[in-house]
Amino acid sequence: MAASSSTAATLSWSSSSFFQTFGNTVNESVKLPDKRSALLVLAQKKAKKTRKIILKEDVGELGKKGQLLDVKAGFYRNYLHPMGKAQIVTPLLLKEMKMEEERIEAEKKRVKEEAQQLALIFETVGAFKVKRKGGKGKQIFGSVTAQDVVDIIKAQLQRDVDKKIVVLPEIRETGEYIAQLKLHPEVTARIRGNLADDIY
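Residues numbered from 1 in each chain as written. Predicted model: local features only at pLDDT ≥ 70, side-chain atom pairs only at ≥ 80, totals over all residues. Heavy atoms only, no water.

Draft legend 1. Representation of the side chain of His184. As for its position among the elements, His184 is in strand E6 (residues 175-184). Setting aside anything within four residues of it in sequence, one finds His184 in contact with Lys108, Val111, Lys112 and Ala115. (Helix = DSSP H or I, 4+ residues; strand = E, 2+ residues; numbered from the N terminus. Contact = heavy atoms within 4.5 Å.)

Here's what the structure looks like:
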């Protein structure tokens, strides 16, 4: 009887030792930090699939020079970067781009203001007089061209104007006409021209 109770105690102790050892083995094989490490590695791999880049030149169907894009990391690494077509966007680069955009906007504003001032000068001068040899009635020989307008502006206002910005109606008779000077995409000056067959 004593022997059997001693055997039971030994079995009981061995069983509990076995379960404790097995339990420790299970706990050691599945550790929480290992799972976290695995998740962290997966998250890093996903985050590196795309790159925020700026194009240094026009690239086919991708975009225009100066455009900000998200592209696949492999496409940037294997094609865009080696060919010098793009670079990775950094905070410093973004700051430089913003400063350049502000400089360009300030320059555009200045050019527009100058065009508006020039338009005001042209419109307040009065009519430019043009001489042409007259024919029968009000008819004139030849016509008035953009080059004629440019020459008259140069003579009367000492201003150089590109004849490409001059828009004229067809002028074949004496009288008063309106010419337009496209000084800026948003600024057009209207000048009056008085065509006569006498000296201007």
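Draft legend 2. Looking closely at the sheet that holds strand E4 (residues 128-131). Spatially, the four strands line up as an open sheet ordered E4-E7-E6-E5, and their pairing is mixed. Sheet topology places E4 and strand E5 (166-167) at the edges, where each strand pairs with a single neighbour. Pairing of E6 with strand E7 (residues 187-196), which is carried by nine bridges, proceeds in the antiparallel orientation. Bridge pairing in E7 places Leu181 opposite Ala189. The strands touched by helix H4 (residues 91-124) within the sheet are E4, E6 and E7, with E7 carrying the most contacts at an inclination of about 25°. Helix H5 (residues 146-157) contacts E4, E5, E6 and E7 of the sheet and is inclined by roughly 125° relative to E4. (Pairing = 2+ DSSP bridges. Axes fitted to C-alpha atoms, helices over the stretch in contact; angles between N-to-C directions.)

Draft legend 3. Focus on helix H3 (residues 73-80). Buried within H3 we find Ala73, Tyr76 and Leu80. The buried residues of H3 occupy one face: seen down the axis, they fall within an arc of 110°. Buried positions along H3 lie against strand E1 (50-55), strand E2 (68-72) and strand E3 (86-88). (Buried < 20%, exposed > 50% of the residue type's maximum accessible area, 1.4 Å probe, protein only. Arc of directions from axis to C-beta.)

Draft legend 4. Up close: the pattern of salt bridges. Counting across every chain of the model gives nine salt bridges. The structure contains a network of salt bridges with shared partners spanning Glu107, Arg110 and Glu114. (Salt bridge = Lys/Arg side-chain N within 4 Å of Asp/Glu carboxyl O.)

Draft legend 5. Representation of the pairing of E1 in the model. Of the pairings in the sheet, the one linking E1 to E2 comprises five bridges and is antiparallel in character. Among the inter-strand pairings, Ile53 is bridged to a residue of E2, identified as Leu69. As defined by bridge partners, E1 adjoins E3 across three bridges and the pair is classed as antiparallel. Residue pairing across strands places Ile54 opposite Gln87, the latter belonging to E3.

Draft legend 6. Layout of the environment of Lys163. You can see Lys163 is positioned in the loop between H5 and E5. On the basis of relative accessible area, Lys163 is assigned to the partly exposed category, the value being 46%. Lys163 sits 15 residues away from Asp148 along the chain, and the two C-alpha atoms are 8.9 Å apart. Apart from the residues within four sequence positions on either side, Lys163 is in contact with Ala146, Gln147 and Val150.

Draft legend 7. Focus on the packing of aromatic side chains. In the structure shown here, the tally under the stated rule is one aromatic pair. Look at Phe75 and Tyr79: their rings are 5.5 Å apart centre to centre, the planes differ by 20°, and that puts the pair in the stacked class. Taken together, the residues Phe75 and Tyr79, both in helix H3 and four residues apart, mark about one turn of the helix. Note on Tyr79: relative accessible area 32%, which makes it partly exposed. (Phe/Tyr/Trp six-rings, centres within 6.5 Å; stacked < 30°, edge-to-face > 60°.)

Draft legend 8. Region of interest: the side chain of Asp148. Position of Asp148 among the secondary structure elements: in helix H5. Residue Asp148 is classed as buried on the basis of its relative accessible area of 18%. Within the structure, Asp148 has its side chain in polar contact with the backbone nitrogen of Thr145 (distance 2.9 Å). (Polar contact = N/O pair within 3.5 Å; in protein donor to acceptor, adjacent residues only side chain to side chain.)

Draft legend 9. Summary view of the nonpolar core. One finds Phe122, Ile153, Val166, Leu181, Leu183, Ile191 and Leu195 to be the most contacted residues of the largest nonpolar core, which totals 23 residues. Elements with a minimum of two residues in this core: H4, E4, H5, E6 and E7. Top element by residues in this core is H5. It accounts for five residues. Apart from the residues lying within four places of it in its own chain, the contact partners of Phe122 are Phe128, Ile153, Leu157, Val161, Leu181, Leu183, Ala189 and Ile191. Counting residues in each nonpolar core, the second largest holds eight residues, with Ile53, Val59, Val71 and Tyr76 among its members. (Core = buried A, V, L, I, M, F, W, Y, C linked by side-chain atoms within 4.5 Å.)

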